[in-house]
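Listed here are the chains, written in short residue letters.
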Amino acid sequence: MSHSTDQGHVPPTNHPARTGSGARGKIILLVVVLLAIALAAWGIVQRGTHYHSLTGATEDAAIPPVTLITPQPGPKTRQVDLPANLAAWYEAPIYAQVSGYVKMWYKDYGAHVKRGDVLAEISTPSIDAQFEAAKAHYNVILARYNLAVITTQRWTALKGTQAVSRQEVDVQAANAAAQKAELEAARHDVDRFQALEDFKKIVAPFDGIVTSRLVNVGDYVNAGGGNLNSRGTASELFSVADVHRMRVFVSVPQDFASVISPKIEAELTVPQYPGSRFRATFLATANAFNAATRTVTTELTLDNSDNLLWPNSYATAHISAPGNPNILILPEGAIIFRAEGTQVAKVINNHAHLVNVKVGINFGTTVQVLSGITKDDRVVANPTADLLEGDEVKIVPTTPGYNTPSKAQQDADQQPVRQHDANPEEAGSR
């Protein structure tokens, strides 16, 4: 029994599959640990790299970027566009000088008239009667005067005789002088009514065009006034304008007034003739500013022999005047206004240096710089409010059309000015 028991007993041995699984697990664990160590190292390296990159970017961002410009010579000619009003060379409202009813009018709107042409006639029966009475009174006084002269001559001939006394001769001479004075007064009275008779005809005071007719047949007109409407107010009967030349009135701003002189010229544009320009020359200036607008009224003149322009039209005056190219200019954005005064930021070796400058005339987008810079200086185009003396700056390229004028804009500025087109239909077709 023991033999059989010994033969049936099998001793324990190591299984090959279990041994392989344990080795593989150790390898996997080792790989995972090494991979974790590698990822941690890579993360530390990346973090350090990002830190240094962020530090550099922060330091770079702390340096303000700037665009640089150089001062430019001032314009040879100064130009400004201002609203203008056109007026006739002469324009007169015509009122009545006698009271009566309109008998007839002869000239209507737009009629071309010559000096002395009759525009209308007024019927004045009362003045006619007074005129006749004045002439009759004059004849009576004339007869009395003639009798007094004859009597004086007769009494003077008897002077020195016993027929008349010296006093009576003097009385007759004084009576003749008094009759002469009355005759003179009667003659002036006749002349006065003759003038009123002449005022019955409303005439044109000069060659021109009738621009208004505010009267009709049968209207009652008042002496020294005009046509009386239903409210009793008076208005002119006619208006006549001489438009062979036109006056142009422009309100020039105070900062531009220093160049007003006989040298300035203007190109006028009007809405009814787009594309056409009319050349006007200097005539006069008020030499005084309007306290409310700080502008000075400047008068120009232009030829209007073709009658294209009408009185009381609106126009735009493109005024040109001599400039001073020897004075440098900068854009307004380059000027810094601080407690220290007016300054600009020059850049030397990538560092900003603030210098005080003296500015002159403001041209709108640019301004004259009278002192403090030279034409070779490099100036910050748009300095920030927190830019300080000695700050480091980073220079970036300019952008055409934004920091500097574009080529298209420069070409447009150099386009020649079109002159006055004589044919209004051609001008309107453009």
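So, here's what we can say about the structure. (Residues numbered from 1 in each chain as written. Predicted model: local features only at pLDDT ≥ 70, side-chain atom pairs only at ≥ 80, totals over all residues. Heavy atoms only, no water.)

Observations concerning the overall build of the protein
Applicable threshold: For helices the rule is a DSSP run of H or I covering at least 4 residues; for strands it is a run of E covering at least 2, with both sets numbered from the N terminus onward. Every residue pair with non-hydrogen atoms within 4.5 Å of one another is taken to be in contact. Per-residue and other accessible areas follow the Shrake-Rupley method at a 1.4 Å probe size, with only the shown protein chains counted as cover for residues.
When helices and strands are counted, the protein shows six helices and 25 strands. In the protein, 76% of the contacts between residues at least 6 apart in sequence involve partners at least 24 apart. Total accessible area on the protein is roughly 26,900 Å²; 56% of this is exposed by carbon and sulfur atoms.

Observations concerning the pairing of strand β22 (residues 358-362)
Here is the key point about a regular strand: its side chains alternate between the two faces of the sheet. Put simply, the rule is: Each pair of strands is called paired provided DSSP finds at least two bridges between the two strands.
The pairing of β22 with strand β23 (residues 366-371) spans three bridges and is classified as antiparallel. From the neighbouring strand, Val359 faces β23, where its bridge partner is Val369.

Some points on the pattern of salt bridges
A side chain with one charge may pair with a side chain of the opposite charge, provided their charged atoms come close. Note the threshold: Salt bridge, as used here: a side-chain nitrogen of Lys or Arg that lies within 4 Å of a carboxyl oxygen of Asp or Glu. Here the term buried applies to any residue with accessible area under 20% of the maximum for its type, exposed to any over 50%, and partly exposed to those in between, with areas from a 1.4 Å probe on protein chains only.
A full pass over the atoms with the stated rule returns eleven salt bridges. The partner of Glu132 in a salt bridge is Lys135, and the shortest N-O contact between them spans 3.3 Å. Of the two residues, Glu132 and Lys135 both sit in helix α3 (residues 125-157), three residues apart, roughly one turn of that helix. Glu132 gets classed as partly exposed once you look at its relative accessible area, which sits at 46%. Lys200 serves as the salt-bridge partner of Glu197, at 3.3 Å between the closest nitrogen and oxygen. When sorted by exposure, Glu197 lands in the same class as Lys200, which is buried.

Considerations on the packing of aromatic side chains
Under the convention used in this document: A pair of aromatic rings is counted whenever rings of Phe, Tyr or Trp (Trp by its six-membered ring) have centres within 6.5 Å, and the orientation is called stacked for planes under 30 degrees apart, edge-to-face for over 60 and tilted otherwise. Two conditions define a charge sitting above a ring: the NZ of Lys or the CZ of Arg must be within 6 Å of the ring centre, and it must be within 35 degrees of the ring normal.
Under the definition given, this model contains four aromatic pairs. Pairing Trp89 with Tyr90 gives two aromatic rings, centres 6.3 Å apart and planes at 65°, and the pair type is edge-to-face. Exposure remark for Trp89: the relative accessible area of 18% places this residue in the buried category. Positioned over the ring face of Phe193 is Arg192, at 4.3 Å from the centre of the ring. Over the ring of Trp105 we find Arg213; its NZ or CZ atom is 3.9 Å from the centre of that ring.

Quick notes on the sheet that holds strand β18 (residues 328-331)
Whenever strands of a sheet pair, they do so through backbone hydrogen bonds, lying parallel or antiparallel. Judged by pairing direction, the sheet is antiparallel, and its four strands sit side by side in the order β3-β18-β23-β22 without closing on themselves. One side of each edge strand has no neighbouring strand; the edge strands of this open sheet are β3 (72-73) and β22.

Examining the nonpolar core
Basically, it comes down to this: Joining through side-chain atoms within 4.5 Å is the link that ties buried Ala, Val, Leu, Ile, Met, Phe, Trp, Tyr and Cys residues into a set, and such a set is a nonpolar core.
Of all hydrophobic cores here, the largest spans 32 residues; its most connected members are Leu86, Val248, Val250, Leu268, Phe278, Leu300 and Leu302. Secondary-structure elements contributing two or more residues to this core are β4 (77-94), β13 (238-253), β14 (265-269), β15 (278-285), β16 (295-303) and β17 (314-322). In terms of residue count, the dominant contributor to this core is β13 (six residues). Residues in contact with Leu300, not counting those within four places in the same chain, are Met246, Arg247, Val248, Val250, Ile264, Ala266, Ala280, Thr281, Phe282 and Leu283. If you look at the next biggest cluster of nonpolar residues, it comprises 24 residues, including Ile122, Ala134, Val215 and Leu237.

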